[in-house]
Each structure stands twice: as structure tokens, then as C-alpha cells.
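Remarks on the overall topology
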Amino acid sequence: MRKIEEEQGARLVRVMMYVLFGGVAGLLVCLALLMACSIGISAGFAKETFMYQLTVIGCVAGGFFGGLWSVRRCRSRTLIVGLAVGAVFFFLLLTVGVLLFDGAAPDEGGLGLLCGSLFGGAASGILGGKPQKRKRR
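The structure displayed is predicted, hence computed values, not measured ones. (Residues numbered from 1 in each chain as written. Predicted model: local features only at pLDDT ≥ 70, side-chain atom pairs only at ≥ 80, totals over all residues. Heavy atoms only, no water.)

**Points about the overall build of the protein chain**
Defined as follows: Runs of E in the DSSP output that reach at least two residues are strands. Runs of H or I that reach at least four are helices, and both are numbered from the N terminus. We call a residue buried when its accessible area falls under 20% of the maximum for its residue type, exposed when it is over 50%, and partly exposed in between, using a 1.4 Å probe and counting protein chains only. Throughout, a contact is declared for two residues whenever any of their heavy atoms are within 4.5 Å. Per-residue and other accessible areas were derived by the Shrake-Rupley procedure at a 1.4 Å probe size, with only the shown protein chains allowed to occlude residues.
When helices and strands are tallied, the protein chain shows 4 helices and 0 strands. In the protein chain, buried positions account for 32% of the 137 residues. Here the analysis covers contacts within the protein chain between residues at least 6 apart in sequence; of these, 83% occur between residues at least 24 apart. Within the structure as shown, the protein chain displays about 9700 Å² of accessible surface, and the carbon and sulfur contribution to it stands at 67%.

**Comments concerning the packing of helix α3 (residues 78-100) against helix α4 (residues 110-127)**
Rules: Between N-to-C directions, angles span 0 to 180 degrees; the directions come from axes that are lines fitted to C-alpha atoms, helices contributing only their stretch in contact. The scheme is simple: roughly parallel for angles under 35 degrees, roughly antiparallel for over 145, roughly perpendicular for 65 to 115, oblique for anything else. Each crossing gets its handedness from the near helix: less than a right angle anticlockwise from the far helix is left-handed, clockwise is right-handed.
Where α3 contacts α4, the axes come no closer than 7 Å and their chain directions differ by 150°. Classified by the angle between their axes, α3 and α4 sit roughly antiparallel to one another. Crossing of α3 against α4: the hand is right-handed. Along the contact surface, α3 presents Thr78, Leu79, Gly82, Leu83, Gly86, Ala87, Phe89 and Phe90, while α4 presents Gly110, Leu113, Leu114, Ser117, Leu118, Gly121, Ala122, Ser124, Gly125 and Ile126.

**Examining a nonpolar patch on the surface**
Spelled out, the test is: Each patch is built from residues that are more than 30% exposed by relative accessible area and take part in no salt bridge. Like charges join if they lie within 9 Å; nonpolar side chains (Val, Leu, Ile, Met, Phe, Trp, Tyr) join within 5 Å. The salt bridge definition used is simple: a Lys or Arg side-chain nitrogen within 4 Å of an Asp or Glu carboxyl oxygen.
A contiguous nonpolar surface patch, about 370 Å² in accessible area, is contributed by Leu79, Leu83, Ile126 and Leu127. For the nonpolar patch, the secondary structure elements donating two or more residues are α3 and α4. Along the chain, Leu79 falls in helix α3. Taking the relative accessible area as the measure of exposure, Leu79 reaches 40% and is therefore partly exposed.

**Regarding the nonpolar core**
Condition: To form a nonpolar core, buried Ala, Val, Leu, Ile, Met, Phe, Trp, Tyr and Cys residues must be joined to one another through side-chain atoms within 4.5 Å.
Grouped together as the largest cluster of nonpolar side chains are 8 residues: Leu27, Cys30, Val56, Cys59, Phe89, Phe90, Leu93 and Leu113. At the level of elements, α1 (3-43), α2 (51-74) and α3 are the ones that each hand at least two residues to this core. With 3 residues, the top contributor of residues to this core is α3. With residues up to four places along the chain from it excluded, the contact list for Cys59 reads Cys30, Phe89, Leu93, Leu113, Gly116 and Ser117. Val15, Val19, Val81 and Val85 belong to the second-largest nonpolar core, a separate cluster that totals 7 residues.

**Description of α3**
Along an α-helix, residues three or four apart share an orientation, since each turn contains 3.6 residues. As a reminder of what qualifies: Helix span is expected to be 1.5 Å times the residue number reduced by one.
Compared with the 33 Å implied by 1.5 Å per residue over 23 residues, the 33 Å span of α3 between its first and last C-alpha is a close match. Taken residue by residue, α3 has Thr78, Val81, Gly82, Val85, Gly86, Phe89, Phe90, Leu93 and Gly97 as its buried positions.

**Details of the packing of aromatic side chains**
Quick reminder of the rule: Working definition: rings of Phe, Tyr and Trp (its six-membered ring) pair if their centres are within 6.5 Å, and the pair is stacked with planes under 30 degrees apart, edge-to-face with planes over 60 apart, and tilted otherwise.
Going through the model one piece at a time under the given rule, you end up with 4 aromatic pairs. Here a set of aromatic residues connected by ring pairs shows up, and it is made of Tyr18, Phe21 and Trp69.

**A short note on the packing of α2 against α3**
Where α2 meets α3, the axes come as close as 8 Å, and the angle between the chain directions of the two elements is 135°. Considering the angle they form, α2 stands oblique to α3. Both α2 and α3 take part in a crossing whose hand is right-handed. Residues Cys59, Gly62, Gly63, Gly66, Gly67, Ser70, Val71 and Cys74 of α2 form the contact with α3, whose participating residues are Thr78, Val81, Gly82, Val85, Phe89 and Leu93.

That is the geometry; function is a separate question.
Spelled out as C-alpha cells, the structure:
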């Protein structure tokens with residue numbers, strides 16, 4: 001293999017690692033936000049009828065912050081990286097749901113969670129991907 005191909009392979013592995021870590025960071029942010037929302041519902045600050053909307057907002061926030069973490073480190077192809085983080089975050093969320101609960105049915109709000117995760121990741125790719133300013137000589 002040529003040196004350029006090795007560098008591209010190493011860069012691809014590094015980007016995939018950032019995407020995976022961004023998905024895990026998004027999951028942690030989402031769980032923290034959902035914990036705060038559950039405390040707010042228990043304390044009476046929010047109604048229980050808003051539970052699904054708060055869950056989708058948590059997915060958007062998790063996808064956004066996880067994608068922002070990855071996009072800040074990659075600096076290239078930011079929209080693709082943000083969408084990939086949103087997809088990884090959704091699959092991690094789905095995996096945790098299947099492992100901890102009896103089953104996960106897509107008709108029980110899975111589409112909203114998927115759209116929220118992808119939207120948060122795409123928003124981070126668009127907003128967080130500002131190129132570095134070049135210094136003039």
C-alpha cells in the first residue's frame with residue numbers, strides 16, 4: 001500500500017472512533033436530561049402528558065451535543081459526521097431500550113426518536129462545522 005492510502009485508512013478509523021464516542025456522549029447527555037425531566041415530573045413541575053415530547057427533546061439535545069463533540073474534532077464532512085453520530089446515538093438508545101425493557105416497537109414512538117436523533121446530529125454538523133480561519137502572511 002502506498003503511504004497516502006495508509007493515511008486515509010488511519011483517518012477513517014479516527015473519524016469512526018470520534019463518531020462512536022460522539023454517540024456515547026449523546027447517550028449520556030440524553031440520559032442526564034431525561035433524568036432531570038423525570039425529577040421535574042415527579043416534583044410536579046411538568047405534566048406526565050408531555051413525557052413523549054420531553055423524550056424527543058432529549059434525543060435532539062443528545063444528538064446535537066454528541067455530534068458537536070465529534071464535529072469539533074473532525075473538521076471535515078461535518079454534515080455526514082453529524083448524521084452518523086445521530087444514527088449511532090439512536091442505535092445505542094434502541095439497544096439500551098431492548099436490553100432493559102421487554103421489547104421495543106417502532107409504532108410506539110420510535111420514528112419520533114429517530115427523527116430527533118438525526119435532526120440533532122444534522123444541526124450539529126451544520127452549526128458546528130465552521131472552518132478555521134486562515135492566517136494571512
